[in-house]
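Residues per chain, in single letters:
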Amino acid sequence: MDKKIGRNDPCPCGSGKKYKQCCQKREQFERTKKDIKMRSIKSLSGGITNMMSNIGDLNKKLTEKKEEPSEPVKPPESPESLEP
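Reading the values: the criteria
Residues numbered from 1 in each chain as written. Predicted model: local features only at pLDDT ≥ 70, side-chain atom pairs only at ≥ 80, totals over all residues. Heavy atoms only, no water. Helix = DSSP H or I, 4+ residues; strand = E, 2+ residues; numbered from the N terminus. Buried < 20%, exposed > 50% of the residue type's maximum accessible area, 1.4 Å probe, protein only. Areas by Shrake-Rupley, 256 points an atom, 1.4 Å probe, with all protein chains shown as cover. Contact = heavy atoms within 4.5 Å. Salt bridge = Lys/Arg side-chain N within 4 Å of Asp/Glu carboxyl O. Patch = residues over 30% accessible without salt bridge, like charges linked within 9 Å, V, L, I, M, F, W, Y side chains within 5 Å. Disulfide = S-S within 2.5 Å.

Peer 1: Help me out: how do you make sense of the overall build of the protein in this one?
Peer 2: Along the backbone of the protein there are two helices and zero strands. Each of the 84 residues in the protein was classed as buried or not, and the buried ones make up 5%. Summed over all atoms, the accessible surface of the protein reaches about 8500 Å², with 56% contributed by carbon and sulfur.

Peer 1: Honestly, the side chain of glutamine 24 in this entry has me stumped. Any pointers?
Peer 2: Among the structural elements, glutamine 24 can be located in helix α1 (residues 24-64). Using a relative accessible area of 12% as the deciding quantity, one classes glutamine 24 as buried. Ignoring any residue separated from it by four or fewer positions in sequence, one finds glutamine 24 in contact with Arg7 and Tyr19.

Peer 1: For this particular structure, what's the right way to read the pattern of salt bridges?
Peer 2: Once the charged atoms of two side chains with opposite charge are near each other, the side chains can pair. Using the criterion set out here, one finds one salt bridge in the structure. The residue lysine 33 makes a salt bridge to glutamate 30 at a minimum N-O spacing of 3.8 Å. Here the residue lysine 33 and the residue glutamate 30 both occupy positions in helix α1, the gap between them amounting to three residues, near one helical turn. By relative accessible area, which is 44% here, lysine 33 ends up partly exposed.

Peer 1: When you look at a nonpolar patch on the surface in this model, what are you seeing that I'm missing?
Peer 2: A cluster of nonpolar side chains, Leu44, Ile48, Met51, Met52 and Ile55, forms an exposed patch at the surface whose accessible area comes to about 550 Å². With respect to the helices and strands, the residue leucine 44 is situated in helix α1.

Peer 1: Could you clarify how one ought to interpret the state of the cysteines in this entry?
Peer 2: Each disulfide consists of one covalent bond between the sulfur atoms belonging to two cysteines. Across all of its chains, the model carries zero disulfides by this definition. In this model cysteine 11 remains outside any disulfide bridge; the closest cysteine sulfur is found in cysteine 23, 3.4 Å from its own. Residue classification places cysteine 11 among the buried positions, given a relative accessible area of 6%.

Peer 1: Honestly, the environment of lysine 18 in this entry has me stumped. Any pointers?
Peer 2: By secondary structure assignment, the location of lysine 18 is in the segment before α1. Separated by eleven residues in the primary sequence, lysine 18 and arginine 7 have C-alpha atoms spaced 7.0 Å apart. Excluding anything up to four places from it in sequence, lysine 18 contacts Arg7, Asn8, Asp9 and Cys11.

Laid out in structure tokens, this is it:
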């Protein structure tokens, strides 16, 4: 079992400094960076899940909607036929 390093204990890196003056800040920074990264991934994952659900709902609505077949669009008359 690892013993917890106290702030005032000698740093385990062997620098001779106190842990709080040496490696503690770097380790805290790395933990914080990892936590932020994980929260960002979870947030993006949730957003993607919601978007996929919305797409599924829209797709379902489109397939359920039955439209009457429309008449084909007639091309406009040529300019020559419009002259008197």
